[in-house]
Amino acid sequence: MIFKANIIKADNHSVWRRAIQMLSTLHEDIKLTITNNELIVWSMNCADTSMSQIRFKRNFFDEYEFHPENTVFGEDGLQQVEDRALVVHKLYSFKTNGKHLSVLFRKPENDSIKSLGLAIHNGAACPESLANKLQITIHTENLMVKEYVPHIVPIKYDPIVINLRYKKRFLEVYGSSSETQEEQLDPRLLEIFRKFDRELSDSYFNNDIVSNTKRSRDLVPEDEINYLCCSIQLLKNFIDSCNTGATEEIKLEVSLTKLCLTAFTRGVYNKNNDILRNAMRASNTVGTSDLEHYCLFTTTGDDDQRRPPSKVVSFGMKDFRSFINTVASWKNDQEIHMWFCRPGDPVFLELDKGDLCLELVQVTSSNENLVPPGNKIKAQANSPLKDIVSVKLGSPRKSPLKGFTPSKKSASDEATSPLKPKTLFVKEKSFDADQQRWKNPVRGKRPPESQEETPKSLHQVPSEPSFKVQRTQTTIEWGQSAPEPAKNAAASALDQRDILKQEKRRFLENIRNEQEKDIEKNEPTQGVDEFGPTQIDKPKGLFD
Amino acid sequence: MLDQNILFSASTVHLEHITTALNCLTPFGLRDDVLIIIDNDGLSFARENNHVISIQLFLSKELFTSYQYNPPDRDPGAHTKISVKINHILDSISVVSRDKDDVIECTLSYVGEGSPFVLIFEDSTVTEKVEYSTYLTKEWDMTGLELDRGVVELECMMKGDIFYSALQDLKEIGCKECYIYAKARSNGKHIFALISKSHLGFSKILLPSERSILEKLETFDSGTHGKVYDKPVTGFFDFASFDKMRASAKIASKVLIRKDAHGLMSVNILSETDDILRGDSKFKPNSSPSNPHSSAYLSRDYPGIVIDISVLEKARVDEEDMEEAKLLMQTIDEPKAPPSYQPVSAGIHNGANPAPQESISLLFNERKRPAEELEERLGEDEEYIPATNDIPLFF
């Protein structure tokens, strides 16, 4: 036996089935290459304009054996490749009819597949009628056993290594420039760089790709490569909303501020300018803040400062659509990576799901209006979702008010972005209805010095009111600086029990303030009682 | 209005049930004649195609709220034959039964030769009367399509839905020719498989051998009439004919398959569909296919739709195809005995075949049985077919 593999997990059955179905739409032949680590299933359409490859890693299968040394029949499929590390790997490749395979792997009605086995014999003991046949064994839940033996044709595998080429170029352009970039790149982007680097070094086909000398020269326009990483939902929404079933091409335009996906069909006119087919266009535009990462290679001429540079690429819709539909059918939210260079160079999409990797390569049209290449080349990497992440990471402090922070808070004057930190409590002067303040009803006005300083201070507040007494006026704000001990010292003179009572009162008052504010909003003319924010003077308590 | 003198009159409200039953006849030729045989026990619908395949569908009289059959000579074994087109009956019954809100009563009646076959549909508001011309063009000829009880080789009973899903599977992969392979084992793990030959190559569907699904499988030695084990019985059929029974299998609850040494396979289907309520019923698998007028039914209650299909296997067997089919039967649980090669000389009859010839390693043994059956039937000289010895051991 040269090859034997088994899939038992139910999810993997449907993944396998969808993969085969998608590849069979490209071309009626599907080609498979078996290596020690993975099973590569790929297909290219007749016009050689679109290619899709799905790599199933070894751990996708519940059983995986590959013994190429046993090959006796079908030796045409046996191949050896040497990678950069001069390790020789054996491959076995063959092609078979994709339509047949998708029929065989269809979901049985009223039944489900329990285990799916693939095997190729072609060994010394192989009977002639089983030579060059892929043996498929399916066990179903209804205890039926089905065996199929479709014919295979051994072929040699010529790897299309555009994935490695592009990743290499990507790492060279952006990975090296990250060191020179001022702002810190998103750590996830750096992780992606590292992952690609690992992939390049582990790949079997990296012999010609990776050059050993690191290029430290400056970037030239020919090095152009652009990268996008976004959620698959974005593309799926585009597919669903833009009538992509009827359109032929897709144009992708990305600039620093937005990403625009357009589905279009060119109009067809004859010599007399009669319309034979109407042009049609539908597009989706999203801001780049919804992208995970994007890296643009911009070449800006000196005179072209007005327009933000944008990258445009267009390619065929049909295979892109079936790729996205296949990929989007898996529930988890995935990220898809996309690389493209200049118009005319192929676009490469990749989705990595851990135990399998789906890739799509499509040629692009080269008749876009090229922005004349300028002299300044800037390789810029952005991760717009990074800011959200850093805000979350940057505030580990727990506030007892966490539950009370009103979500209907509109952006106050300080905050430019809803995610930026802002002060929760402000000075007494600005009586913005949205903002809360601690007030010490017992003690009266706040001492003026603490009022000035409190907007900038940050007090550590434990969740329970009982705490060490070294502070007063528990003003809690989001800020940058560390708590100053001076304020804590000022409260040391107070009685501990007193403080406890005050704190409890303030806590309750806060709740009441909120409720009153709600009422105030509904009835703004209502007179404010003692503890409302408009009151300046607080009645003195017995212990003051 | 059931006249005592009328030859035949029956009325029923179970139109959906009858539609379901008659739909099984459609693969046999939608626009062709069907022979309706009326007798004391019920109605039979019969049809045969090209002397290769035949179907008989029996609707017992318990299905009808009133059933009157008055043959002129009061002979209990008498029967009346009427020939009508299937699509006529089917169209009228199925169109009428689409109205689910109202109960429609259908009365069938026939007064005798020369008169039309009349269907009357009555519901609360409308009465509809349809008359069909009847004519008898040819006699019902069952030669070659009757199971010879004396030389039955295989008897197998299984659940209907499993048989249907196997047939459905064969259909979906575009089967052109199919083989039946059955082997009874002494340990109870019988093997029943359908092998298909299609543009995809060969495929095999192995039915589960659990007792609850494959209820009974017995193979007999047709010479000695005794049970034998580990002797596979195969049949080779053209799928286009074989597929005609798929519509019947769809409604099947139980399927009884029998094959005789002449190459005839008879499939008895009992269908207990859900659309009628009923009491107990006992399944009588031995309703004789060769004599549809026999009153073999002893059960009082309605037994369900009983369908009997007989199909003749293909005469010529391609030897290479046989080889490949056998290879597919190298199942995992079969013990890997070393192959034994036994020459088969001409003129050996079925009864004298030594059992080891049908050894587990079928790689090296030709499947002689169909060839021999062919030879018996046609009386030609047997060809000596040597088993190939130059293929290396599979084990």
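These numbers were taken from a predicted model, which means no experiment stands behind them.

**Here we look at the overall build of chain B**
So, step 1. In terms of regular secondary structure, chain B is built from 7 helices and 19 strands.
So, step 2. Put simply, chain B has 395 residues, and 40% of those count as buried.
So, step 3. When contacts within chain B are restricted to residue pairs at least 6 apart in sequence, long-range pairs at least 24 apart make up 69% of them.

**Focus on the sheet that holds strand β8 (residues 117–122) of chain B**
Residue and element names in this part refer to chain B.
So, step 1. Taking strand neighbours across the sheet as the criterion, the 5 strands line up as β5-β1-β7-β8-β9 in an open arrangement whose pairing is antiparallel. Each edge of the sheet is formed by a strand with only one pairing partner; in this case those strands are β5 (66–69) and β9 (127–132). Pairwise comparison of adjacent strand axes, ignoring direction, gives a mean angle of 15° for this sheet.
So, step 2. The sheet contact formed by strand β7 (residues 105–110) and β8 spans 5 bridges and is antiparallel. Residue pairing for β8: S109 is matched across the bridge by V118.

**What about unusual backbone geometry?**
All names here are of chain A.
So, step 1. We note that L86 has phi near 65°; this positive angle belongs to a residue other than glycine.
So, step 2. Note that L86 resides in the loop between β6 (78–82) and β7 (88–97).
So, step 3. The class for L86 is exposed, based on 7 C-beta atoms found within 10 Å.
So, step 4. Positioned with a positive phi, N122 is a non-glycine residue whose angle comes to about 45°.

**A look at the interface of chain B and chain A**
So, step 1. On the chain A side, the residues contacting the 26 residues of chain B number 22 residues.
So, step 2. Mapped by element, the contributors of at least two residues to the side of chain B that touches chain A are α3 (160–172), β13 (201–206) and α6 (319–328) of chain B.
So, step 3. Ranked by residues supplied to the side of chain B that touches chain A, first place goes to β13(B) with 6 residues.
So, step 4. Considering only residue class, the side of chain B that touches chain A consists of 17 nonpolar, 3 polar and 6 charged.

**Concerning the confidence of the model for chain B**
All names here are of chain B.
So, step 1. Of all residues in chain B, 73% attain a pLDDT of 70 or more, and the chain-wide mean is 73.
So, step 2. Long-range and interchain partners of residues 277–300, a stretch whose pLDDT sits below 50, account for 49 contacts in this model, where long-range means more than four residues apart.
So, step 3. Confidence over residues 331–395 falls short of pLDDT 50; this stretch has 78 contacts with residues more than four positions distant or in other chains.
So, step 4. Predicted complex metrics record ipTM = 0.70 and pTM = 0.68.

**With respect to the sheet that holds strand β3 (residues 42–49) of chain B**
Backbone-to-backbone hydrogen bonds pair the strands of a sheet. The strands run either parallel or antiparallel.
Residues and elements named next belong to chain B.
So, step 1. Across the sheet, 10 strands lie side by side as β6-β2-β3-β4-β19-β18-β17-β10-β14-β15; this open sheet has antiparallel pairing. Every interior strand has two partners, whereas the edge strands, β6 (80–85) and β15 (226–228), have only one. Strand-to-strand twist of the sheet, defined as the mean angle between neighbouring strand axes without regard to direction, takes the value 20°.
So, step 2. Taken together, the 6 bridges between strand β2 (residues 33–38) and β6 define a ladder with antiparallel strand orientation.

What counts, and at which threshold
Residues numbered from 1 in each chain as written. Chains lettered and ligands numbered in written order. Predicted model: local features only at pLDDT ≥ 70, side-chain atom pairs only at ≥ 80, totals over all residues. Helix = DSSP H or I, 4+ residues; strand = E, 2+ residues; numbered from the N terminus. Buried ≥ 20, exposed ≤ 12 C-beta atoms within 10 Å, placed from the backbone. Contact = placed C-beta atoms within 7 Å. Pairing = 2+ DSSP bridges. Axes fitted to C-alpha atoms, helices over the stretch in contact; angles between N-to-C directions. Nonpolar A, V, L, I, M, F, W, Y, C, P; charged D, E, K, R; others polar. pLDDT = per-residue confidence, 0-100.

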